[in-house]
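# Summary of the model geometry
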Amino acid sequence: MSKHLLAALKGQTNARPPFWFMRQAGRYLPEYRALRQEAGGFLAMCLNPDRAAEITLQPIRRYGMDGAILFSDILIVPMALGQSLKFAEGEGPVLGPLPESLNFTGAAAIYAPVIETVRRVKAALPSETTFLGFAGSPWTVATYMVEGGSSRDFGKTKSFFYSQPQAFEALLNGIVTATVDYLSAQIDAGADAVQLFDSWAGALAPLDYERWVIEPNRQIVAALRARHPETPIIAFPRGSGALYKRFTEIVRPTCIAIDTQVPPDWAAEVLQPLAYVQGNLDPLALVAGGKNMLEAAEHICGHLGRGPFIFNLGHGIVPQTPPEHVAALCDFLRRI
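Below you will find a few notes about this structure. No experiment lies behind these values; they were computed from the predicted model shown.

### Considering the side chain of aspartate 198
- Tracing the sequence through the fold places aspartate 198 in the loop between β5 (193-197) and α10 (206-227).
- Arginine 238 provides the closest opposite charge to the buried, unpaired aspartate 198, separated from it by 10 Å.
- Setting aside residues up to four positions removed in sequence, aspartate 198 forms contacts with Ser137, Trp139, Thr140, Val213, Asn217, Phe236, Pro237 and Arg238.

Structure (structure tokens):
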């Protein structure tokens, strides 16, 4: 059988839209929760190829999505560059002080367990399932590195780039280099396509967005295309609003993933002439399930399904999602 999602990303017309869901492997699944109780923490799971491969495969066994996304975390790159990382229970990521210089020579050894996970998943996936690798985009990764964790206003990061723009640019350039190498290693190990997550792109004013979101993503896409010209690249600059168009025109990803706030009719008119569009069901509609969920999915497919389109959510599946609602949505999408 052909890979429905990969064929679509390479331009093949399909009778129905391919689909997968961000965070489809995770806390809403009872089999994931059972495994996590044994694992000794989130980061330990990410760096254990046996467990990470199993978690990646769990939703494919249960639901059979067209795509499987690697179970890992965007903060593997800062750790590979020499910044300490831990996940405090109930608090999210905690990163140590920003290194005085980034460590490129030892980076590959740090993320080697993730690359081994890619190999194991590739060997175990059904032949029709597209395997997606991923990484965080430089702006979003830099916010965690500078803030030392999550932030609501990104005050430290904005103060950094306003007061020391050259130093901040050097940091982002280092993240670009590491991310290209990291994603390239994932592709070499078996990833069919990759996605860039710029989760905090919407936090920036337009001029800052141009410099810290568009330009680093453009560099990564161009570098990956030079190394792996046949590998599709999905970009998700969450919260970009009207700047989605400029991002897509300049960065030129194969596919642009849109968040929940983007009107599907606008995306069909403005973005689909430029790239595949991926999205954008509200994850809380999936929590609610039932008629409203299916109507919302039908509305999205009605506007975007006429052009190049991958069905997904506008952000990741949330922990309180009932697994049976995911099953109902998958069944609906297969019948379109």
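### Observations regarding the sheet that holds strand β9 (residues 309-313)
- Pairing is parallel in the open sheet, where seven strands are placed in the order β1-β4-β5-β6-β7-β8-β9. Each edge of the open sheet is held by one strand with a lone partner, namely β1 (67-69) and β9. Within this sheet the neighbouring strands show an average axis-to-axis angle of 25°, counted without direction.
- Where β5 meets strand β6 (residues 233-236), four bridges bridge the pair, whose relative direction is parallel. Its bridge partner being in β6, leucine 196 is matched across the sheet by alanine 235.
- Running over the sheet, α10 touches β5 and β6 and is turned about 170° from β5.

### So, the pattern of salt bridges
- All chains considered together, the criterion is met by 15 salt bridges.
- Notably, a salt bridge pairs aspartate 50 with arginine 120, separated by 2.1 Å at the nearest N-O pair. Separated by 70 residues along the polypeptide, aspartate 50 in helix α4 (residues 49-63) and arginine 120 in helix α6 (residues 107-124) bring together distant segments of the chain.
- When its relative accessible area of 52% is taken as the criterion, aspartate 50 is described as exposed.
- With a closest N to O distance of 2.8 Å, lysine 122 and aspartate 192 form a salt bridge. Remark: aspartate 192 occurs in the loop between α9 (165-189) and β5 and lysine 122 occurs in helix α6; sequence separation between them is 70 residues.
- Since its relative accessible area comes to 31%, lysine 122 is described here as partly exposed.
- Overall, aspartate 192 belongs to the buried group, its relative accessible area being 13%.
- Residues joined by salt bridges that share partners form a network here, namely Asp50, Glu116, Arg119 and Arg120.

About the criteria used
- Residues numbered from 1 in each chain as written.
- Predicted model: local features only at pLDDT ≥ 70, side-chain atom pairs only at ≥ 80, totals over all residues.
- Heavy atoms only, no water.
- Helix = DSSP H or I, 4+ residues; strand = E, 2+ residues; numbered from the N terminus.
- Buried < 20%, exposed > 50% of the residue type's maximum accessible area, 1.4 Å probe, protein only.
- Lys, Arg positive; Asp, Glu negative; His and termini not counted.
- Salt bridge = Lys/Arg side-chain N within 4 Å of Asp/Glu carboxyl O.
- Contact = heavy atoms within 4.5 Å.
- Pairing = 2+ DSSP bridges.
- Axes fitted to C-alpha atoms, helices over the stretch in contact; angles between N-to-C directions.

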